[in-house]
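# Tertiary structure, described
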Amino acid sequence: MDTIVKRLIREVRKGNQQAFSEIVELYKDKVFQVAYRMVGNLHEAQDVAQEAFLRAYTNLDRFDIDRKFSTWIFRIATNVAIDRLRKKKPDYYLQEEVKGSDGLTYESQLASDEELPEDQVVSLERQEWVQAEINQLPVKYRTAIILKYIEDLSINEISEILDIPPSTVKTRIHRGREALRKRMRHV
């Protein structure tokens, strides 16, 4: 795939905008996943992914063709997400509990078109719980945990994306795991 991407990047640099849309098609799902895991909100994740691709397009002339494009675009998406999180004002999430209610969430008050089987509900709740706990971690640990365990990237790839030494990546993953373990024991 790297060969295809390198060819497409050369085409974009020559002025072929359609080639960039092919690059977007190749990476849009993974970039969105990284963004969603970072910001925890569908619409904001879509904005982050779009902004990441815009930044990649405008800075494509700076991209080192001998490196992996996926690492570069993930780094851009991660940085955009971190910027968003720093600037973010508190708002309401559908998974939040309605004040004054007995465990009701905003989401539970929405009408549903179909019922889910119980096992799917349990699985979804577990995933939401784990994601909510991950979202409570400090950004530096959250980023390392998401890139390692959810995006399944290597220590070296994470090191390149975050522009930190591999030993720091390992430390952040370890501390993030420990913090997550403590949080999940007490809940």
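Now for a quick tour of the structure. (Residues numbered from 1 in each chain as written. Predicted model: local features only at pLDDT ≥ 70, side-chain atom pairs only at ≥ 80, totals over all residues. Heavy atoms only, no water.)

### Considering the overall build of the chain
Along the chain, the regular secondary structure elements total eight helices and zero strands. The long-range fraction of contacts in the chain, counting pairs at least 24 apart against all pairs at least 6 apart in sequence, stands at 59%. A total accessible area of about 12,200 Å² is found for the chain, and carbon and sulfur atoms account for 48% of it. (Helix = DSSP H or I, 4+ residues; strand = E, 2+ residues; numbered from the N terminus. Contact = heavy atoms within 4.5 Å. Areas by Shrake-Rupley, 256 points an atom, 1.4 Å probe, with all protein chains shown as cover.)

### Concerning the packing of aromatic side chains
As enumerated under the stated definition, the model contains six aromatic pairs in all. The interplanar angle of 55 degrees and the centroid separation of 5.3 Å between the aromatic rings of Tyr27 and Phe69 together place this pair among those described as tilted. Of this pair, Tyr27 sits in helix α2 (residues 17-39) while Phe69 sits in helix α4 (residues 69-87); the two residues are 42 residues apart in sequence, bridging distant segments of the chain. We classify Tyr27 as buried; its relative accessible area is 5%. Summarising the aromatic geometry, the rings of Phe69 and Trp72 are spaced 5.7 Å apart at their centres and angled 55 degrees between planes, so their arrangement reads as tilted. Note that Phe69 and Trp72 are positioned in helix α4 at a spacing of three residues, about one turn of the helix. We classify Phe69 as buried; its relative accessible area is 2%. Joined through ring pairs, the aromatic side chains of Tyr27, Phe63, Phe69 and Trp72 make up one cluster. (Phe/Tyr/Trp six-rings, centres within 6.5 Å; stacked < 30°, edge-to-face > 60°. Buried < 20%, exposed > 50% of the residue type's maximum accessible area, 1.4 Å probe, protein only.)

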